[in-house]
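# Breakdown of the fold
Below, each chain spelled out in residue letters.
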Amino acid sequence: MGLLNTVEQTMERWTSPLWALVIPSPRRPAEVVAILQRECDDNALILDRQRVLVPNAFVVELPSESHRRLTEHTDEVSRQLVGHVCRHAAEHGYTFAGPVAVALHPSGDESVGRFLVRSRIAPR
């Protein structure tokens, strides 16, 4: 457990400067992660006593400038966000209909620090 925490902390330190470029100061990575987790919680479908299905396809729309800055690191940021969603799902016993994916797209809204998260259940 200690090794996993150390690796996670190292990754967070490495990506913090990247997030500062992408999302201006009021919006931190923890807030994006919290919104993704809330998307799972709010859109959960109870299939039976032991199976709760949650969204597995997410789109985070960022202001164009933030998205442009992030272009080189999109895969890494998406991978980290997927990891957070999977960890949250495991902690709550959620299931997915297919692989988890987080896509980053530019939005039409140019408001600084504004982003939108959409989710859906996407079968394999």
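The rules behind the values
Residues numbered from 1 in each chain as written. Predicted model: local features only at pLDDT ≥ 70, side-chain atom pairs only at ≥ 80, totals over all residues. Heavy atoms only, no water. Helix = DSSP H or I, 4+ residues; strand = E, 2+ residues; numbered from the N terminus. Buried < 20%, exposed > 50% of the residue type's maximum accessible area, 1.4 Å probe, protein only. Contact = heavy atoms within 4.5 Å. Areas by Shrake-Rupley, 256 points an atom, 1.4 Å probe, with all protein chains shown as cover. Pairing = 2+ DSSP bridges. Axes fitted to C-alpha atoms, helices over the stretch in contact; angles between N-to-C directions. Polar contact = N/O pair within 3.5 Å; in protein donor to acceptor, adjacent residues only side chain to side chain.

## With respect to the overall build of the chain
Helix and strand content of the chain: four helices and six strands. When its helices and strands are written in sequence order, the chain yields α-α-β-β-β-α-α-β-β-β. Residues counted as buried form 40% of the 124 residues belonging to the chain. Look at the contacts in the chain between residues 6 or more apart in sequence, and 79% of them connect residues 24 or more apart. Entry remark: accessible area of the chain is about 7600 Å², with carbon and sulfur atoms responsible for 55%.

## Notes on the sheet that holds strand β1 (residues 45–48)
Pairing is mixed across the open sheet formed by three strands, whose spatial order is β1-β2-β4. Each end of this open sheet is capped by a strand with a single partner; those strands are β1 and β4 (94–96). Put simply, the sheet's adjacent strands are angled 45° from each other on average, direction ignored. Pairing of strand β2 (residues 51–54) with β4, which is carried by three bridges, proceeds in the parallel orientation. Residue L53 lies in a different strand from β4, and its bridge partner there is T95.

## Observations regarding the side chain of S78
Note that S78 resides in helix α4 (residues 74–92). Separated by 3.0 Å, the side chain of S78 and the backbone oxygen of V102 make a polar contact. Beyond its immediate sequence surroundings of up to four residues, S78 is in contact with V102 and L104.

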